[in-house]
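Each chain, written out:
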Amino acid sequence: MSIVDFIVIGRGLIGSAAARHLAIQGTSVTLIGPSEPANLKTHTGVFSSHYDSARIVRILDTLTHNCQISKAAIERFKPLETETGISFFQEVGYLAASNTNNFLEDMSAQADSYYPEVGSFSFEQLSERFPYFQFPKGVRGIFQAKNAGWLDPRKNIAAQNKALENHGGTVVNDTVIAIEKGKQYITIKTEKSSFKCKKCILSTGAFANIGNTIPRPIDYGVVPHTAVLGEISKEQLPSLVGMPTMSYRLGDEPNKFLYFLPPVEYPNGKHYVKIGHALGDEMAKDKQSLQDWFHSNGDKGKIPWLTEALKELLPSITFNKFHSVPCVTTTSPSGGNYIDQFKDERLYALFAGGGYCAKSADELGYIATEFALNGGFPAPYNRADFKLIYQ
Ligand SMILES: Cc1cc2nc3c(=O)[nH]c(=O)nc-3n(C[C@H](O)[C@H](O)[C@H](O)COP(=O)(O)OP(=O)(O)OC[C@H]3O[C@@H](n4cnc5c(N)ncnc54)[C@H](O)[C@@H]3O)c2cc1C
C-alpha cells in the first residue's frame, strides 16, 4: 500500500477545499468521507451540514476577519467553476434587512474596506427595488450586489472533488473508524479499507468529537437548525428573477433572526424558497442525539412560525407545499474557526466555528494547507485566531 503525504478526513465543504489546495501544491492527497446518504431518515452513520442546495454567499459581515476569509474564498468560485465545468455559484446579491439600526450598522461596518459599493435602501426604496418582499414599516436595508448570492454546497463539493482529481488527488467514499499513529506513518482505518499517510487533517464537522478520530476532544458546540422550504410553481418563477438572499432581523430577539434563500432548483426538479433561523441554542452532541435530530423534520415548535414568516414575507406567492428539514451548525467558544495541530504534530484540525462557513470554506482550506505545508499562516491571518480549545 502506498503512503500519501496527506489524508484529509471529511468530504464536506472545508475538507474538500483543503484537499484540493494540497494537491495544487504538488503533494499526494487522499480525501476520505462518505457521500450523502440515499435516505437520511434511515441512515445510521455520520451526517453533515451540507445536505442542501443553497447557502448564502456574502462578504458583508460584522467582523474584519470574516470579511477577509469570505472575500478571498468567493474570488476563487468562478475559476473553480471554469476549471471543472460545474456551476455552483449564483450571483443574485445579498440583502441585510432590519428595523433595528444596530444590525445594519454592524453589517456595513467593514464595507469601506471589503465592499465599498454597498447600497443603502430606505423602506420605500426597498419596496421599489425588491417588490416581491413585504416588509413591516420601518425596515431598511443594505445590499451587496456583486460577489454575493448563494452557492449550491453539493455542487461546490463536486467541483472541489473533481479539481482534486484533476490535480492528481484521490477521493474515497468511505467513513473513517480509527486512526493509528505509527512511528513512520499514520494508518487510517475506514469501514471498507485502510490507508497510510505521513500527515492527516481532520475536518469532520459536527462529528468532530464522535468516533475514534479526534486525538483529544475539542470544545465544539452543535446547534440544531430547522429550515422551512416553500415549493414554488414554475409559472411564478419569472416574477422572482434576480431575487437576492437575505438576513432579516425584526427587533433584537436573537431567536427570531431569520435568513432567506430565493427560488432554487433542488435535485427533485422542484423549486423552493427557504427560510430558517440564524441562531439557536446548542444541543447534545453525542452520536445518538445527532442521529435522532437528523432523522426528524426539525423543531416542531419552530415550523409554524417559520412558515408564517415566509408567507408574510412573500404575500404575492402561492405556495404548492411546505416542508421542513433539520440541519446543524457548529460553534467554537470564541466563534472563531479552528486550524491547528494536535500534540502529535502530524495531525491537524480544520473546523468551522460558526454557521456561515460554506461561503468561506475555500479560504479555510487554503489557510490550513499553507499551515500544514509551510508551518505558518498566510497574511493577513494570525495563528492565534485559529487556536484549538480543548474540552
Ligand atoms: C441550516 C443551515 C444553514 C446554513 N446557512 C449557511 C449560509 O447561508 N452560508 C454559509 O456560508 N454557511 C451556512 N451554513 C454553514 C455551512 O453549511 C457549514 O459551515 C459548512 O457546511 C461546514 O463545512 P464542514 O466541511 O466543516 O462540515 P460538513 O459540510 O458537515 O462536512 C463534514 C464532513 O465530515 C464527514 N465526516 C464526519 N465524520 C467522518 C468520519 N468519521 N469519516 C469520514 N468523514 C466524516 C461528514 O460526512 C461530512 O461530509 C449553514 C448551515 C446550516 C445547517
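Caption draft 1: Spotlight on the pairing of strand β14 (residues 245-249). Most of β14 sits out of view: five of its five residues are buried. The side-chain alternation of β14 yields two buried faces, one formed by T245, S247 and R249 and the other by M246 and Y248. The sheet contact formed by strand β5 (residues 94-98) and β14 spans five bridges and is parallel. Of the residues in β14, the one forming a bridge with A97 is Y248. Where β14 lies against strand β15 (residues 258-265), three bridges are found, and the strand directions are antiparallel. Each residue of the ladder has a partner; that of Y248, found in β15, is L258.

Caption draft 2: How the structure looks around the site of the ligand. In the vicinity of the ligand there are 39 residues, among which G12, I56, G205, C327 and C357 approach most closely. Broken down by secondary-structure element, the contributors of at least two residues to the shell around the ligand are α1 (13-24), β3 (55-57), β13 (221-232) and β17 (319-331). Its residues placed into classes, the shell around the ligand shows 19 nonpolar, 17 polar and three charged. Formed jointly, the shell around the ligand draws a minimum of three residues from each of two domains, domain 1 (3-52 + 153-220 + 333-386) and domain 2 (91-151 + 221-330).

Caption draft 3: Broad picture of the sheet that holds strand β8 (residues 149-151). Ordered in space as β3-β8-β4, the three strands form an open sheet in which the pairing is antiparallel. One side of each edge strand has no neighbouring strand; the edge strands of this open sheet are β3 and β4 (89-90). As paired elements, β4 and β8 share two bridges and run antiparallel to each other. Across the sheet, the residue bridging to F89 is L151, located in β8.

Caption draft 4: Representation of the packing of α1 against helix α7 (residues 153-166) within the structure. For the pair α1 and α7, interaxial distance at closest approach is 9 Å and the crossing angle is 20 degrees. One finds that α1 runs roughly parallel with respect to α7. Between α1 and α7 lies a crossing of left-handed hand. Here L13, S16, A17, A19, R20 and A23 of α1 lie close against α7, whose contacting residues are P153, N156, I157, Q160, N161, A163 and L164. Along the lines of polarity and charge, the residues of the contact of α1 with α7 split into eight nonpolar, four polar and one charged.

Calculation notes
- Residues numbered from 1 in each chain as written.
- Predicted model: local features only at pLDDT ≥ 70, side-chain atom pairs only at ≥ 80, totals over all residues.
- Buried ≥ 20, exposed ≤ 12 C-beta atoms within 10 Å, placed from the backbone.
- Helix = DSSP H or I, 4+ residues; strand = E, 2+ residues; numbered from the N terminus.
- Pairing = 2+ DSSP bridges.
- Near = placed C-beta within 6 Å.
- Nonpolar A, V, L, I, M, F, W, Y, C, P; charged D, E, K, R; others polar.
- Domains from an automatic or database assignment.
- Axes fitted to C-alpha atoms, helices over the stretch in contact; angles between N-to-C directions.
- Parallel < 35°, antiparallel > 145°, perpendicular 65-115°, else oblique.
- Left-handed = near helix turned anticlockwise from the far one by under 90°.
- Contact = placed C-beta atoms within 7 Å.

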